[in-house]
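Working through the structure, step by step
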Amino acid sequence: PDLTNFLSFSQLQRLKLVNCSTENLQDIEYLSYLKIIEFYKCNQLSSLENIQKLYHLEKLVLESCKKLTNLAPLYDILSLKFLILHNMGKIILSEQAHKFFEKNQIRISGNTKIIYL
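A short tour of the structure in this document, coming up. Counting restarts for each chain, with residues numbered from 1 along the sequence as it is written. For a predicted model such as this one, the threshold for reporting local features is a pLDDT of at least 70, and the threshold for listing and counting side-chain atom pairs is 80 or more; totals across whole chains, interfaces and linings nevertheless cover every residue. Side-chain figures throughout are based on the complete set of non-hydrogen atoms in the structure, without hydrogens or water.

Brief notes about the sheet that holds strand E4 (residues 82-86)
Working definition: the strands of a sheet are paired by backbone hydrogen bonds and lie parallel or antiparallel to each other. Pairing is parallel across the open sheet formed by five strands, whose spatial order is E1-E2-E3-E4-E6. Of all the strands in the sheet, the pair left with one neighbour each is strand E1 (14-18) and strand E6 (105-109). Ignoring which end each strand starts from, the neighbouring axes of this sheet average 5 degrees apart. The pairing of E4 with E6 spans five bridges and is classified as parallel. Note that in E6 the partner of Ile 84 across the bridge is Arg 107. At least two bridges found by DSSP between two strands is the condition for calling them paired. Under the DSSP-based scheme used, a helix requires at least four consecutive residues in state H or I and a strand at least two consecutive residues in state E, with every element numbered from the N terminus. To define axes, lines are fitted to C-alpha atoms, for helices over the stretch in contact only, and angles between the resulting N-to-C directions are given on a 0 to 180 degree scale.

Spelled out as structure tokens, the structure:
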């Protein structure tokens with residue numbers, strides 16, 4: 001299912017998706033009250049584009065979402081405080097990542113390899 005299935009829950013503050021087939025976060029801005037998002041084994045998720053439109057997001061958990069390699073959309077989320085990356089495979093970080101890592105608590109574990117460009 002894509003995220004349009006959740007649009008009627010506009011006041012939702014926490015979203016946990018396990019084994020979902022969504023490829024991207026199109027329309028996630030309509031869930032603007034989300035504070036916590038957890039993605040577990042979402043094997044088709046390849047983009048976090050639009051997540052920066054969640055102005056209240058404080059915590060993001062990404063586990064075993066192997067197609068996702070770019071975290072750049074997270075760099076502009078001022079409210080984000082916690083990021084957990086577990087068994088993510090290769091994650092590519094740009095120069096902007098240094099500022100992002102300085103201001104947030106980030107836990108990296110399991111089979112997650114960080115590559116700096």
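Read on for the rest.
Examining the packing of aromatic side chains
Two rings from Phe, Tyr or Trp (for Trp, the six-membered ring) form a pair when their centres are within 6.5 Å of each other. A pair whose planes differ by under 30 degrees is stacked, one over 60 is edge-to-face, and the rest are tilted. This model, assessed by the stated rule, comprises one aromatic pair. Here the aromatic rings of Tyr 75 and Phe 100 are separated by 5.5 Å at their centres, their planes lie at 45 degrees, and the arrangement is tilted. Residue Tyr 75 is located in the loop between strand E3 (59-63) and E4, and its partner Phe 100 is located in helix H1 (residues 97-103); the two are separated by 25 residues in the primary sequence. Under the relative-accessibility criterion, Phe 100 is labelled buried at 2%. Think of it in three bands: with a 1.4 Å probe and only protein chains considered, a residue is buried below 20% of the maximum accessible area for its type, exposed above 50%, and partly exposed in between.

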